[in-house]
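# Structural overview for review
Each chain, written out:
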Amino acid sequence: MVFSSLIFLYAFLPLSLLVYVLCRSREAKNMSLLVFSLVFYAWGEPKYVLLLMFMALSSWFCALRVEKAGSRKKKKLWVAVSCTIDILLIGFFKYSGLVCSIFGEVPGFIADIALPIGISFYTFQLLTYVVDVYRGDAEAQPNYLNVLLYAALFHQCVAGPIVRYKTIAHELFVERDGKDLLPGISRFTVGLAKKTLLANPCGALADQLLLATDKASDAALFTENLHTLSNLSALGAWVGVAAFMLQIYLDFSAYSDMAIGMGRMLGLHYLENFDYPYVSKTITEFWRRWHISLGTFFRDYVYIPLGGRQCSKARSIFNLFVVWALTGLWHGANWNFVLWGLYFFVFIVIERLFLKKLFDRLHVLPHIYLLFVVFAGWILFHFTDVRLGWTVFLGLFTANGNAASDFFSLTLLKNNLFLLIVSAVACTPLVKSIAKGAERKLCRSVSGEKFRNLMGYIVFPIIMLLLSTASLVGDSYNPFIYFQF
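Summary of the structure given here. (Residues numbered from 1 in each chain as written. Predicted model: local features only at pLDDT ≥ 70, side-chain atom pairs only at ≥ 80, totals over all residues. Heavy atoms only, no water.)

### Things to note about the layout of surface pockets
Each pocket or cavity is described by its volume, and for the largest pocket that value is around 1,500 Å³. When residues in the lining of the largest pocket are grouped by element, the largest group, eight residues, is from helix α9 (residues 181-210). In terms of residue class, the lining of the largest pocket is built from 22 nonpolar, six polar and 10 charged. (1 Å grid on protein atoms, 1.4 Å probe; cavity = no way out; pocket = protein on both sides within 12 Å on 5 of 7 lines; lining within 4 Å. Points joined across faces, edges and corners; volume = space filled by probe spheres on them. Helix = DSSP H or I, 4+ residues; strand = E, 2+ residues; numbered from the N terminus. Nonpolar A, V, L, I, M, F, W, Y, C, P; charged D, E, K, R; others polar.)

### Here's the deal with the nonpolar core
Judged by nonpolar contacts, the single largest core of 137 residues is most densely connected at F8, Y278 and W378. When residues in this core are grouped by element, the largest group, 16 residues, is from helix α12 (residues 234-265). Ignoring sequence-local partners within four residues, the contact set of Y278 consists of M245, I248, Y249, F286, W290, L370, L371, V374, W378 and C427. (Core = buried A, V, L, I, M, F, W, Y, C linked by side-chain atoms within 4.5 Å. Buried < 20%, exposed > 50% of the residue type's maximum accessible area, 1.4 Å probe, protein only. Contact = heavy atoms within 4.5 Å.)

### Side note on the packing of helix α1 (residues 6-22) against helix α2 (residues 26-44)
Two elements in contact, α1 and α2, have axes whose closest approach is 8 Å; the angle formed by their N-to-C orientations is 160°. Taken together, α1 and α2 sit at an angle that is classed as roughly antiparallel. Helix-helix and strand crossings are classified by hand; for α1 and α2 the assignment is right-handed. Contact with α1, carried on its side by I7, F8, F12, L15, S16, V19, Y20 and V21, involves K29, S32, L33, F36, V39, F40 and W43 of α2 and no other residues of that element. Here the residues of the contact of α1 with α2 are counted per class, giving 12 nonpolar, two polar and one charged. (Axes fitted to C-alpha atoms, helices over the stretch in contact; angles between N-to-C directions. Parallel < 35°, antiparallel > 145°, perpendicular 65-115°, else oblique. Left-handed = near helix turned anticlockwise from the far one by under 90°.)

### Comments concerning the packing of aromatic side chains
Geometry of an aromatic ring pair is reported as the spacing of the ring centres plus the angle between the planes. Tallying each qualifying case throughout the model produces 54 aromatic pairs. When the centroid spacing of 6.3 Å and the interplanar angle of 80° are considered together, the rings of F244 and W378 count as edge-to-face. Placement of F244 in helix α12 and of W378 in helix α17 (residues 364-382) is noted, with a sequence separation of 134 residues between them. Each member of the pair F244 and W378 is classed as buried. Over the face of the ring belonging to W330 we find K94, whose NZ or CZ atom lies 5.4 Å from the ring centre. (Phe/Tyr/Trp six-rings, centres within 6.5 Å; stacked < 30°, edge-to-face > 60°. Lys NZ or Arg CZ within 6 Å of the ring centre and 35° of its normal.)

### Structural notes on the state of the cysteines
The full count for this structure, using the stated rule, is zero disulfides. Looking at C83, it has no disulfide partner, and the nearest cysteine sulfur is the one in C62, 8.8 Å off. Relative accessible area serves as the criterion here: at 18%, C83 is assigned to the buried category. (Disulfide = S-S within 2.5 Å.)

### Remarks on the environment of W335
Assignment of secondary structure puts W335 in helix α16 (residues 335-361). For W335, a relative accessible area of 45% corresponds to the partly exposed category. Linking W335 and R309, residues 26 residues apart in sequence, is a C-alpha distance of 28 Å. Discounting chain neighbours no more than four positions away, the residues touching W335 are L98, S101 and I102.

### Here we look at empty space enclosed by the protein
In total, this model carries one cavity of 30 Å³ or more according to the counting rule given. What the largest cavity holds in volume is close to 60 Å³. The wall of the largest cavity is formed by L13, S16, L17, Y20, S32, L33, F36, F154, H155, M262, M265 and L266. Looking at the lining of the largest cavity, the elements that each hand over two or more residues are α1, α2 and α12. Ranked by residue count, the leading element in the lining of the largest cavity is α1, at four residues. Class assignment for the residues of the lining of the largest cavity results in nine nonpolar, three polar and no charged.

Have a look at this one:
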């Protein structure tokens, strides 16, 4: 089940909210949340609910042992036990095929292992829980079901954002404010519209030009795919990669918007996960704005513990190397993702050593540089076979002997030009700035504030919901890219 499906929008979500409201006590509300979260997860993969429950159980048990341990050595031991269990399990289900491929052919039973949905997200949440208890940043939760609820919350369990226990523990288990229902609904419908009206059409356009992900990753079709991409015109390559670049931001940020919105409906305030990364000037700034919960996880639980920048320059660069290799590996069990992470590592090191002072004095050029580096990086991200990605990159400059343009690519561009322009604007804070300006003017009077509330919390969400519903009816193209990670 995905957020942008009719069954979720008109059955699961309303029913879960209704039951939640009817429950009187906080404990009963949390139990309803837990039941609906487990049902949501089991909708796609019933057997892997047991995996989620076991990992939550081991983290709950180890955190209690950490808190009760009498010495620092014993505390570290229980942290190590918890981390080992989590890493071994995610390693088996997500990376065993990659490890086996290093040493030869992947055994059939390994190749047939399905990746549990959301394992990358809830594993990291459970890791932060135990580590934060060890650091004294959070108290161990005595109730196992509460830890399971924290890990399984259907708002963000399968595709983030990565929510730390200490961020929502008070709201989830002590006291929460239920006054954000209407703002939460508004935020949810913004994400829904972003997904259905912009991300999905951009994804369909990218697939038309760059091949759908399933087809592009099929080794049996490599020769056919290589021929198709070699003959793709330069215009088609530029438009296809641009469409994918827009899709992946709009798709992932839309999911985060919906997760944050659903949390606010219940009085849970998840931290922001995106801050318009495509307006950045450097790769360093881009990664402060993109998938913020993942970046801060690696900063606080890997980079800083390794020494961060409080060490020699060589060691600091090594620390960055580890972080970016892990960042790439987190995104997928294929070498292209590892190379994609190291690709950004190289540019961050170059910026840190040579370009920072220069970029501080420039204005437009750094933005152009950032967009092209990220643009090229998405090619590497999109194709699990690096040879196909390299072919597309060469095709951008007609280096495959391909045409600069053709009727097919030109027609697609003309038919989707409005979509691409609107999607590009949606990747900037322009609309948000205009809305805030209008809000400030309206709130100068009581009648203006009432009109703002009427439009922002009732009329606008209804319009977005209706448009999204119309888009979803009869449309089978509705993936969430980050579900596969």
